[in-house]
Amino acid sequence: MKKIICAALAVLIAFSCCSCGGGLINKKERYSASFLDLFDTASTVIAYDESQKAFDAHYNQFYEMLKEYDRLYDIYKAYDGVVNLYTLNREAKNGPVKVDEKIIDLLEYGKEVYEQSQGKTNICFGAVLSLWHTCRENAEDNPQDASIPEMNALKEAAKHTDINDLVIDRKNSTVYFADELLQLDVGAIAKGYAVARVTKWAQENLWTSAAISIGGNVSVFGYKNDDGKTLWSIGIENPDLTSEDYLATVKITGLSVVTSGDYQRYFTVDGKKYCHIINPETLMPAEYVSAVSVICSDSAQGDALSTTLFNMSIEDGTALVESTDGVEAVWTDKSGNQTYSTGFKSYISQQN
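So, on to the overall build of the chain. Scanning the chain for helices and strands turns up nine helices and 15 strands. Whereas a compact globule of 352 residues would reach a radius of gyration of roughly 20 Å, the chain reaches 20 Å, a difference of no more than 12%. Overall, the C-alpha framework of the chain stretches about 65 × 50 × 40 Å when taken along its three principal axes. Scored against the burial criterion, the 352 residues of the chain give a buried share of 54%. A separation threshold of at least 6 residues defines the contact pool for the chain, and within that pool the share at least 24 residues apart is 62%. Element-wise, carbon and sulfur atoms account for 46% of the exposed surface of the chain, whose accessible area totals about 16400 Å². Treating the 31 positive side-chain charges of the chain as one cloud and the 49 negative ones as another, the clouds have centres 4 Å apart.

So this is what it looks like as structure tokens:
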């Protein structure tokens, strides 16, 4: 389901990037590439370049850098010659493990997000999330036997989620778990963090105009048609998947759009849907809204904020957004109604 949604978003971006005609002559032309094998999601890169050969060379550089982040931040799989988060979850309880600086950067950012979100986004919540992950996988493989974790098991796992037990030594580039049962799960921030870093690098080294969609984490810079004036048009998926209309189409440049929703990944038990975003306070899937989309300058911030806001009431979330510079958001409640932050509608395009 998530891949279909992301592919639809990529198609919308591709449609919005078509040349406007009118006799405009550009030195650069539009090229695109899509892939499915990084961060477990469907992704698309659109950029303006001198030629297909130039784009292919630049795209390969972009892909390889993103792949490095994907492998380093993977909690489910080991790779030859790579010390990643999977490695940490198995070895950091035994003593400090030396890691790549990119992991130190991510984990330090995760601690910042924890403080900013007042614990609503916690990269040390893996012990709880792994129980939900196991149930979700079982439900996918054996829907007739689908079940949710026992609350007692969740409460026991929650005892091992103290972010202070994540010991980071930047000077020596090591990570240690003071609690041997602590487990990292960076799903709320890793993809956005990687997209932000790779987007910045691409803008500095590869392209002047590009739209990057990595599983719904959309980041754009420059201008559509590389014309120096036409903003990118980005569609925000409607949580009601039966609707043919997008929730909104925003026109932006130099910004990111990130969405968290209960329609992206979920499983069903006895007719009730359980989404993948777990509220640290209840240890159950968050049920405040169906979706929240964030516009801001940094995809890392957008990723973290969208999860944080999903775990808050719309009232509390609105207060947080309004008090945060450079951030706008739109919430869709369980009845399909939208709530917009003060400046969000200034980005909305009325054109189809």
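Before going further, it helps to spend a moment on the side chain of Thr174. Examined against the element boundaries, Thr174 turns out to sit in strand E5 (residues 174–177). Classification of Thr174 as buried rests on a relative accessible area of 14%. What Thr174 contacts, discounting residues up to four positions off in sequence, is Pro96, Val97, Lys98, Ile104, Val167, Ile168 and Asp169.

What follows covers the pattern of salt bridges. Summed over all chains, the structure comprises eleven salt bridges. Ionic pairing is found between Lys67 and Glu64, a salt bridge with its closest N-O pair at 3.3 Å. With Lys67 and Glu64 both in helix H2 (residues 52–72), this residue pair falls three residues apart, about one helical turn. Exposure remark for Glu64: the relative accessible area of 42% places this residue in the partly exposed category. Put simply, Lys159 and Glu156 hold a salt bridge, and the shortest N to O gap is 3.1 Å. Each member of the salt-bridge network shares a partner with another, and the members are Glu101, Asp105, Glu108 and Arg170.

Moving on, we come to the sheet that holds strand E1 (residues 29–38). Strand order in the open sheet formed by eight strands is E1-E2-E6-E7-E10-E13-E14-E15, with antiparallel pairing between adjacent strands. At either end of the open sheet lies a strand with only one pairing partner, and these are E1 and strand E15 (338–340). The mean inter-strand angle of the sheet, taken between neighbouring strand axes irrespective of direction, is 15 degrees. In terms of strand pairing, strand E2 (residues 41–49) meets strand E6 (residues 210–214) through five bridges, oriented antiparallel. Bridging across to E6, Ala47 finds its partner in Ala210. Packing against the sheet, H2 makes contact with E1, E2 and E6, and its axis sits at approximately 30 degrees to E1. Across the sheet, helix H7 (residues 190–205) touches E6 and strand E7 (217–221), and the angle it forms with E7 is around 20 degrees.

Take the pairing of strand E8 (residues 232–236) next. Across the five residues of E8, five count as buried, placing the element largely inside the fold. Neither face of E8 is exposed, since Trp232, Ile234 and Ile236 on one face and Ser233 and Gly235 on the opposite face are all buried.

The next thing to look at is unusual backbone geometry. In this model, Asp40 sits at a positive phi of 55 degrees, which is unusual for a non-glycine residue. Residue position: Asp40 is located in the loop between E1 and E2. Asp40 gets classed as exposed once you look at its relative accessible area, which sits at 60%. One non-glycine residue, Leu283, lies in the positive phi region at around 65 degrees. Summarising the element assignment, Leu283 is placed in the loop between strand E12 (272–275) and strand E13 (291–296).

Further remarks concern the packing of H2 against H7. Close contact between H2 and H7 brings their axes to 10 Å; oriented N to C, the two are set at 155 degrees. The angle between the axes of H2 and H7 places the two elements in the roughly antiparallel class. As for how H2 packs across H7, the hand of that crossing is right-handed. From H2, Gln61, Phe62, Met65, Leu66 and Tyr69 reach across to H7, where they touch Ala194, Arg197, Val198, Trp201 and Ala202.

Bringing the environment of Glu328 into the picture now. Along the polypeptide, Glu328 turns up in strand E14 (residues 328–332). A C-alpha to C-alpha distance of 5.7 Å links Glu328 and Ser341, two positions 13 residues apart in sequence. Once you skip the residues sitting within four places of it in the chain, Glu328 turns out to touch Ser293, Val294, Ile295, Val321, Ser341, Thr342, Gly343, Phe344 and Tyr347.

Parameters and conventions
Here the residue numbers are simple positions, counted from 1 along each chain's written sequence. In view of the model being predicted, local features appear only for residues whose pLDDT reaches at least 70, and side-chain atom pairs are presented and counted only at 80 or more, with totals across whole chains, interfaces and linings using the full set of residues. For side-chain calculations, the full set of non-hydrogen atoms in the structure is used, while hydrogens and water are omitted. Going along the chain from the N terminus, every DSSP run of H or I of four or more residues is numbered as a helix, and every run of E of two or more is numbered as a strand. As a reference, a globule follows 2.2 Å times the number of residues to the power 0.38, and the radius of gyration itself is taken over C-alpha atoms. A simple rule labels every residue: compare its accessible area, found with a 1.4 Å probe on the protein chains alone, to the largest value its type can have, and call it buried under 20%, exposed over 50%, or partly exposed in between. Contact definition: two residues touch when any of their heavy atoms are within 4.5 Å. Using a 1.4 Å probe, the Shrake-Rupley method yields the accessible areas, and only the shown protein chains count as cover for residues. Charge convention: Lys and Arg are scored as positive, Asp and Glu as negative, and His as well as the terminal groups of each chain are ignored. Charged groups are reduced to one reference atom each: NZ for lysine, CZ for arginine, CG for aspartic acid, CD for glutamic acid. Salt bridges, as used here, are contacts in which a Lys or Arg side-chain nitrogen is within 4 Å of a carboxyl oxygen on Asp or Glu. Here, any two strands with at least 2 DSSP bridges between them count as paired. Helix axes are fitted only over the stretch in contact, all axes being lines through C-alpha atoms; the angle between N-to-C directions runs from 0 to 180 degrees. Working rule for angles: under 35 degrees goes down as roughly parallel, over 145 as roughly antiparallel, 65 to 115 as roughly perpendicular, anything else as oblique. Crossing handedness is defined as follows: a turn of the near helix away from the far one that is anticlockwise and smaller than a right angle gives a left-handed crossing, while the clockwise case is right-handed.

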